[in-house]
Amino acid sequence: MSMKTVNFTINGEAKSVQAESRQLLVHCIRETLGLTGTHVGCETSHCGACTIHLDGEPVKSCTMFAVQAEGKSLTTVEGLAIGGTLNPVQEGFWEEHGLQCGFCTPGMMMTATALLRTVNEPTETEIREAISGNLCRCTGYVNIVKAIQYAQRKMHATPAPEAVLQGGD
Amino acid sequence: MIPASFEYVVAHSLEETVGLLAKHGSDAKILSGGMSLIPAMKLRLAQPVFIVDVNGVSGLEYIREEHGELRIGAMTREAALERSSLVKHGYPILFETAKVIADPLVRNRATIGGNLAHADPANDHPATMLALGATVVAHGPHGDRLIPIDEFFPSFFASALEPDEVLTEIRIPAPSVRSGGAYIKFERKVGDYAIAAVAVNVTLDDHDTCIAARIGLTNVTDVPARATSAEASLVGHRITEQAIADASRLAAHESDPKSDLRGSAEYKRDLVRVLAGRAIGRAVSRARGGSH
Amino acid sequence: MTQTIPMTAAAIGGMGHSMKRKEDPRFLQGKGNYVEDVNLPGMLWMDIVRSPYAHAKIVSIDASKALAIPGVLAVITGKDLEAYNLHWMPTLMSDTQMVLPVDKVMYQAQEVAAVIATDRYIAADGAAAVDVEYEELPVVVDPFKALLPDAPVLRTDKPGKTDNHIFHWEVGDAAVTDKAFAEADVVVKQDIYIPRIHVASIETCGCVASFEKTEGKLTVWMTTQAPHAIRTVFALVAGHVGLSEEKIRIISPDIGGGFGGKVPVYPGYVIAVAATVLIGKPVKWIEDRMENLQADSFARDYHTTAELAATKDGKLTALRFKTLADHGYADAAANPSKFPAGLYHICTGSYDLQAAHVEVDGAYTNKPPGGVAYRCSFRVTEAVHTIERMVDIMAHQIGMDPAALRMKNFIEKEQFPYKSVLGWEYDSGDYHAALQKAMDIIGYDDLRREQLEKRARGEYMGIGISSFTEIVGAGPSKDFDILGIKMFDSAEIRVHPTGKAIARFGTKSQGQGHETTYAQIVAQELGIPMAHVQVEEGDTDTAPYGLGTYASRSTPTSGAAAAMAARKIRDKARKIAAYLMEVAEEDLEWEPGKFTVKGNPEAFKTIQEIAFAAYTNHPQGMEAGLEATHYYDPPNLTYPFGSYICVVDIDAGTGQVHVRRFVAVDDCGNIINPMIVDGQIHGGLSMGLAPALYEEISYDEAGNCLGGSFIDYLVPTAVETPNWETDKTITPSPHHPFGAKGVGESATVGAPPAIANAVVDALWHLGVRHIDIPMTPSKVWKVLRDHGVTGS
Ligand SMILES: Cc1cc2nc3c(=O)[nH]c(=O)nc-3n(C[C@H](O)[C@H](O)[C@H](O)COP(=O)(O)OP(=O)(O)OC[C@H]3O[C@@H](n4cnc5c(N)ncnc54)[C@H](O)[C@@H]3O)c2cc1C
Ligand code: FES
Ligand code: FES
């Protein structure tokens, strides 16, 4: 078994990890780094539960080897909120009930965050196409679409008050 | 699902890549987008001993027009094709192809070079490249070799690349006046390979007579293939409804699909007819100057 | 019982408020705690070797190559478990199922051996290195052939078993039904197959099992919808090897979707438990998606011949279903014990039928065991699909509009509580109102006009209705039990001195939002702000005993228990308030949050003040503290209902069905959180769309599983899923403490026939009478072709 040293930044922090060549990036993130917000839902690259950002682009981390992350900048769901403040997409998912069991949610939000970074005002069709690499079994997608639209409005409006981390109307 | 162990090397130049391939022979595999190779490795359908990652080779991601051709670097991601306004406006058939491959996340990694090199008759680019009459550039120990797309898929799941060659570029002739192309794929859901798909590229003269036609088929033949008798039936004629219907029937006849969970052979063959009709219609309308 | 619920202030957030979910902040930040996220020091990994054959004798298992891999610690086979008599286990239907085989395998992907290693990669290498020699046996795939006299007998483990028949079950009066059919003006008959499908929650199944030798205590973090029942099953099955119930702790942490697939005990769990007990270190097992689809319990797989009788003016008179249920090699259905076909005899649906007879036979085949729900209540989906298809066929047959035929035959609002001919007592309903509302929203008459115009142009457009009645909330314990354990459920509420509360339940959320809705029930009943009510479930060491969450039973049972426990607390609070204010209890009036002296609004004690007094200044002779537990045994099931209308356009060239619009009007009684109810309906509709158009697990003649990965098991994406339009009517349940009915699954039950009816409606004029789901493009194309249509 040959171990390699892999250097990358994840959620803004520089990391140096030991990885076997065949280790999937998702396992490096979950097991080596203990960032368990990124999930695994299939082995055929269909579900998107493992979606992270690789140099800003959403990719399926179950279909990459950890060694391929050398020199890259990664972001996972744990890197979305800054200082306890949810990003607009997270806030949208909360406001619009865009999650139920929460298992697909990290991947879904990574895809949505990237979409809103590249497309200013996506139509409903564009949103649905953009998240078509992420499966959700619980929500029927309606509220996920609404959550992304909420985030889109929020990002293009004046800064709104911070979302507070507790249940409330 | 866990891949078997392998050795991993990042190549930084084409020379290094070719050297590694030459050294390790058939034990080695190139890794580009990884979207076909890694799933196969996870299922242990592929167990390469040696992986040469070409993502470290710079200068292979580009889309540009030069020497009367559209030249696309092998490592160009599907997402880049989709986003390119040159592709979208100048080569709508290619835009339509890239956009229906897998899903948006896969397209952020998957490369056009890998799509052709993988030589999977279910992949979408082969049919489109056949329709466009593309040329593939292979780089080996002796430098570049140009392979016409018609010779690129010699047999089942095999490409014309030598084990020590790497695909570096795809060249597509710039569209002649009054030409148009279209790609229409029918899939069970997003993320699925085609039940069937048809790529069509036609050129008309000033009197609307078809002077060139190429038709490629996806996932209905053992190797990516053209529907040559359908093409022949169009050339030299004005493309009427009847001509389209006749050509589509010929295309269906030339397909050789297998029954599977996507549908019966009978269904797929008829689907080729339907999709060919729609794709020819759209290509002709584009050739005449319409956008659809 | 009056069933209008007073609206509390938003700050309290009781019933009826669309409160944002309390569980969401952790999920939104990647801090959920799912089973795979549990990591313990020294933890080992388990991987499973599975059979490539559907039926084969195991000649030998050679583990030497696997054991030679550094890091592989053990390979466990059936023989190892046999030494402890743990190689077989009971199913929930009191059949038996292998944990690991000793002599033969019964389906493709069956567990054959387990490899324990220091790391998941090494465990996978170990599994690949185990050599198993098989000798293939004849395979039985078709349940009809399984029952032929010359079929090979599959369950040779059962002494004296000479066939593959599992059970025969029937309900209803056959003679009365026969007579009604004989006298009918019109009879329609149709074979309907509802295929095998899989819940495919995005989280697969798995566990981390940890046996502490010194304490003798077993803790299992497990993807289960019913942790207490699992604990008892473990104690019953492994009692003889020293596992005693007080030393077993099952923890069901965050669950990534259940839908019925996480009710059974799968062999993998048991092997992991055996492994941790044998090795003394924690063992983690997480199945992958292919194992999940190929080996875990399936749903449906009902082959029915259905008949429906009516007068010529469209009054339905009798119904007859004869069903063959394919259970795979073991009856591992998750049904209440008395009901081998679950609640299938709800099949008279929303209609006032006076004669009905239903027969179900179960058969063994070489497929994985099962018969679990797929987001529904014990076979109600099969019942609803069949009756709703038959009603549509009847309408078309006699030339009556399907909406009109339904309206004519619905149980009238005044007939509730309604005793159905097959023995159920429907609690409440207003079926006409729901259908009318759906028709108004979608513009039914205009659509029918459009359809006629399109038909004239050779276009295929269809409108489909489904007016379903669900049956949820099992159950009255006199009728409902699982392995003898009665199907009540529980809540325990403790109010702390500062007026905050913790509430614990016997159920287990898998995404339904219990932490929010249960808190809202407590808030409604006690006036403590929902933000101050901490909800916990899933840990058998702390939560009160319960049967778990499935079949939409949480609100009807544990939700009711929460209200009842809160009312016990309120009774005590009244006493304390009376004592504090020195008035008689009868002089106090309750409004959520405080007791006020009648006629003197200035004199009141808040629930917070009372809670403080319960610990600091309680009346002499009264027990201190403010807490209560309630085990709720529902007097009846609840019967949510709804009417769905679907509009489809069919591409005659490709055979593709496009769902253009889908309007769902649901009635689940009083609503705790409207936002969550909408979300449940959206999700349910999507899991109704999926089997209607996309999903199926089938087998080839050799018993190879087709559709065993997400490559071919087609879970719809956001692109295939339409923008669901939802609305509601409210008909409270008269017997539930706050008039609620349960909603998580209605839409999964109601949606498929609406879609199927729409497709057949589009094609009826061609002579099409029925198409089995999933109505895939290739299937629809074939139907069109067979009826002379060639598209372009
Ligand atoms: C869920 C899913 C759905 C998909 N659906 C579709 C679809 O609908 N249509 C479609 O066309 N594709 C589909 N794909 C496949 C995808 O487009 C692949 O990315 C593509 O087939 C291969 O490209 P790649 O860059 O990922 O190549 P890799 O996976 O890296 O390589 C594939 C093969 O080509 C070889 N290779 C790669 N690059 C080169 C090179 N430059 N020179 C020589 N050899 C090379 C590799 O050694 C390997 O054998 C799907 C993939 C997934 C995961
Ligand atoms: S885990 Fe399913 S796509 Fe990565
Ligand atoms: S919220 Fe459960 S899978 Fe999406």
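Residues numbered from 1 in each chain as written. Chains lettered and ligands numbered in written order. Predicted model: local features only at pLDDT ≥ 70, side-chain atom pairs only at ≥ 80, totals over all residues. Heavy atoms only, no water.

## What about the overall build of chain A?
Line of reasoning, step 1. Helix and strand counts for chain A stand at five helices and five strands.
Line of reasoning, step 2. Going from N to C terminus, chain A has its helices and strands arranged as β-β-α-β-β-β-α-α-α-α.
Line of reasoning, step 3. For a compact globule of 169 residues, the expected C-alpha radius of gyration is about 15 Å, and chain A comes in at 16 Å, within 12% of that figure.
Line of reasoning, step 4. Looking at the 169 residues of chain A, the share that counts as buried comes to 64%.
Line of reasoning, step 5. For chain A, the share of sequence-separated contacts (at least 6 apart) that also reach a separation of at least 24 residues comes to 58%.
Line of reasoning, step 6. Looking at chain A, you have 12 positive and 17 negative side-chain charges, and the mean spots of the two groups are 5 Å apart. (Helix = DSSP H or I, 4+ residues; strand = E, 2+ residues; numbered from the N terminus. Rg over C-alpha atoms; globule rule 2.2 N^0.38 Å. Buried < 20%, exposed > 50% of the residue type's maximum accessible area, 1.4 Å probe, protein only. Contact = heavy atoms within 4.5 Å. Lys, Arg positive; Asp, Glu negative; His and termini not counted. Charge placed at Lys NZ, Arg CZ, Asp CG, Glu CD.)

## Concerning the pattern of salt bridges
Opposite charge on two side chains permits them to pair, given that their charged atoms come into close proximity.
Residue and element names in this part refer to chain C.
Line of reasoning, step 1. Within this structure, the stated rule accounts for 88 salt bridges over all chains.
Line of reasoning, step 2. For the salt bridge of Arg155 with Asp95, the shortest nitrogen-to-oxygen distance reads 3.6 Å. Highlighted residues: Arg155 in the loop between helix 5 (143-146) and strand 9 (165-172) and Asp95 in the loop between strand 4 (88-90) and strand 5 (96-98), separated in sequence by 60 residues.
Line of reasoning, step 3. Given a relative accessible area of 5%, Asp95 falls into the buried group.
Line of reasoning, step 4. Taking the shortest distance from any N to any O, the salt bridge between Asp727 and Lys437 comes out at 3.5 Å. Placement of Asp727 in strand 34 (residues 725-728) and of Lys437 in helix 12 (residues 431-442) is noted, with a sequence separation of 290 residues between them. (Salt bridge = Lys/Arg side-chain N within 4 Å of Asp/Glu carboxyl O.)

## Here we look at the packing of helix 5 (residues 92-99) of chain B against helix 8 (residues 125-132) of chain B
Residue and element names in this part refer to chain B.
Line of reasoning, step 1. At a closest axis distance of 10 Å, the pairing of helix 5 and helix 8 adopts a crossing angle of 170 degrees. Taken as axis vectors, helix 5 and helix 8 run roughly antiparallel relative to one another. Here Ile93, Leu94 and Thr97 of helix 5 lie close against helix 8, whose contacting residues are His125, Thr128, Met129, Ala131 and Leu132.
Line of reasoning, step 2. When its residues are assigned to classes, the contact of helix 5 with helix 8 shows five nonpolar, three polar and no charged. (Axes fitted to C-alpha atoms, helices over the stretch in contact; angles between N-to-C directions. Parallel < 35°, antiparallel > 145°, perpendicular 65-115°, else oblique. Nonpolar A, V, L, I, M, F, W, Y, C, P; charged D, E, K, R; others polar.)

## Side note on the interface of chain B and chain C
Many analyses report the size of an interface as the accessible area lost when the parts associate.
Line of reasoning, step 1. The interface of chain B with chain C comprises 20 residues on the first partner and 29 residues on the second.
Line of reasoning, step 2. Across the chain B/chain C interface, buried area totals approximately 2,200 Å², and carbon plus sulfur atoms make up 61% of it.
Line of reasoning, step 3. Three residues, Ile2, Arg188 and Lys189 of chain B, lead the burial of chain B against chain C; their summed loss comes to 27% of the area buried on that side.
Line of reasoning, step 4. Linking chain B to chain C there are four salt bridges.
Line of reasoning, step 5. In this structure, the salt-bridge partner of Asp651 of chain C is Arg278 of chain B, at a minimum N-O distance of 2.8 Å.
Line of reasoning, step 6. Remark: the boundary between chain B and chain C carries 11 residue pairs in polar contact (both at pLDDT 80 or more).
Line of reasoning, step 7. Broken down by element, the residue count for the side of chain B that touches chain C peaks at eight residues, all from helix 11 (residues 265-287) of chain B.
Line of reasoning, step 8. Of the residues contributing to the side of chain B that touches chain C, the split by class is 10 nonpolar, one polar and nine charged. (Buried area = accessible area lost by both parts, 1.4 Å probe. Polar contact = N/O pair within 3.5 Å; in protein donor to acceptor, adjacent residues only side chain to side chain.)

## Focus: the interface of chain A and chain C
Line of reasoning, step 1. The partner chain C presents 63 residues to the 52 residues of chain A that form the contact.
Line of reasoning, step 2. When chain A packs against chain C, the two sides together hide about 4,900 Å² of surface, and 58% of this comes from carbon and sulfur.
Line of reasoning, step 3. On the chain A side of the interface with chain C, the three residues burying the most area are Trp94, His97 and Arg137 of chain A, jointly 17% of the side's total.
Line of reasoning, step 4. Inspection of the chain A/chain C interface yields six salt bridges.

## Side note on helix 1 (residues 14-24) of chain B
All names here are of chain B.
Line of reasoning, step 1. Among all positions in helix 1, only Leu14, Thr17, Val18, Leu20 and Leu21 are buried. The buried residues of helix 1 occupy an angular sector of 160 degrees when the element is viewed end-on, so they sit on one face. Along helix 1, the residues that are exposed and aim more than 90 degrees away from the buried face are Glu15 and Lys23.
Line of reasoning, step 2. Of the surrounding elements, those touching the buried residues of helix 1 are strand 1 (7-10), strand 2 (28-31), strand 3 (50-53), strand 6 (135-140) and strand 8 (166-173).
Line of reasoning, step 3. Of the residues trailing helix 1, Gly25 is marked for its positive phi of about 55 degrees. (Arc of directions from axis to C-beta.)

## Focus on the site of ligand 1
Line of reasoning, step 1. Lining the immediate surroundings of ligand 1 are 30 residues, of which Ile30, Ser32, Ser36, Thr111 and Asp124 of chain B lie closest.
Line of reasoning, step 2. Around ligand 1, the neighbouring residues derive from chains A and B rather than from a single chain.
Line of reasoning, step 3. At 3.2 Å from an oxygen atom of ligand 1 is found a side-chain nitrogen or oxygen belonging to Lys29 of chain B.
Line of reasoning, step 4. For ligand 1, whose accessible area on its own is 960 Å², the fraction buried by protein is 96%.
Line of reasoning, step 5. Contributions of two or more residues to the shell around ligand 1 are made by strand 2, helix 7 (112-117) and strand 8 of chain B.
Line of reasoning, step 6. Considered class by class, the residues forming the shell around ligand 1 number 13 nonpolar, 13 polar and four charged. (Near = heavy atom within 4 Å. Areas by Shrake-Rupley, 256 points an atom, 1.4 Å probe, with all protein chains shown as cover.)

## Remarks on unusual backbone geometry
Line of reasoning, step 1. With omega at -5 degrees, the peptide bond leading from Phe416 of chain C into Pro417 of chain C counts as cis.
Line of reasoning, step 2. Looking at where Pro417 of chain C falls in the secondary structure, it is placed in the loop between helix 11 (402-409) and strand 18 (418-419).
Line of reasoning, step 3. The omega torsion of the bond from Ile773 of chain C to Pro774 of chain C falls at -5 degrees, within 30 degrees of zero and hence cis.
Line of reasoning, step 4. Secondary-structure assignment places Pro774 of chain C in the loop between helix 18 (746-763) and helix 19 (777-786).
Line of reasoning, step 5. A positive phi angle, close to 50 degrees, is found at Asn11 of chain A, a residue other than glycine.
Line of reasoning, step 6. The topology assignment puts Asn11 of chain A in the loop between strand 1 (3-10) and strand 2 (13-20).
Line of reasoning, step 7. In this structure, Ala119 of chain B is a non-glycine residue whose phi angle is positive, near 55 degrees.

## Structural notes on the pairing of strand 20 (residues 460-469) of chain C
The side chains of a regular strand alternate between both faces of the sheet.
Line of reasoning, step 1. For strand 20 of chain C, the buried fraction is high: 10 of the 10 residues fall into the buried class.
Line of reasoning, step 2. Of the two faces of strand 20 of chain C, the one holding Tyr460, Gly462, Gly464, Ser466 and Phe468 of chain C and the one holding Met461, Ile463, Ile465, Ser467 and Thr469 of chain C are both buried throughout.

## Considering the sheet that holds strand 27 (residues 594-597) of chain C
Working definition: the strands of a sheet are paired by backbone hydrogen bonds and lie parallel or antiparallel to each other.
All names here are of chain C.
Line of reasoning, step 1. Strand order in this open sheet of three strands is 26-27-28, and the pairing throughout is antiparallel. Because the sheet does not close on itself, it has two edges, and the strands there are strand 26 (588-591) and strand 28 (600-606). Across the sheet, the axes of successive neighbouring strands diverge by a mean angle of 35 degrees, strand direction being ignored.
Line of reasoning, step 2. Judged from the four bridges that link them, strand 27 and strand 28 form a sheet pairing that is antiparallel. (Pairing = 2+ DSSP bridges.)

## Re the packing of aromatic side chains
All names here are of chain C.
Line of reasoning, step 1. Counted by the stated rule, this structure contains 28 aromatic pairs over all chains.
Line of reasoning, step 2. Through pairs of rings, three or more aromatic residues link up here, namely Tyr351, Phe410, Phe416, Tyr431 and Phe641.
Line of reasoning, step 3. Sitting over the ring of Tyr364, Arg155 keeps its end group 5.3 Å from the ring centre.
Line of reasoning, step 4. Across from the ring centre of Phe298, 3.4 Å away, lies the NZ or CZ of Arg196, which sits over that ring. (Phe/Tyr/Trp six-rings, centres within 6.5 Å; stacked < 30°, edge-to-face > 60°. Lys NZ or Arg CZ within 6 Å of the ring centre and 35° of its normal.)

## Notes on the domain arrangement of chain A
Residue and element names in this part refer to chain A.
Line of reasoning, step 1. What the domain assignment reports for chain A is domain 1 (3-79) and domain 2 (88-158).
Line of reasoning, step 2. Distance from the C-alpha centre of domain 1 to the C-alpha centre of domain 2: 22 Å.
Line of reasoning, step 3. The interface is formed by 16 residues belonging to domain 1 together with 14 residues belonging to domain 2.
Line of reasoning, step 4. Note on domain 1 versus domain 2: buried area summed over both sides is about 1,100 Å², and carbon and sulfur give 62% of it.
Line of reasoning, step 5. Taken together, the connections running from domain 1 to domain 2 amount to zero salt bridges.
Line of reasoning, step 6. Counting the contacts that link domain 1 with domain 2 gives seven residue pairs in polar contact (both at pLDDT 80 or more).
Line of reasoning, step 7. Of all the secondary structure elements, the ones that give two or more residues to the side of domain 1 that touches domain 2 are strand 3 (51-54) and strand 4 (57-60).
Line of reasoning, step 8. It is strand 3 that provides the largest number of residues to the side of domain 1 that touches domain 2, a total of three residues. (Domains from an automatic or database assignment.)

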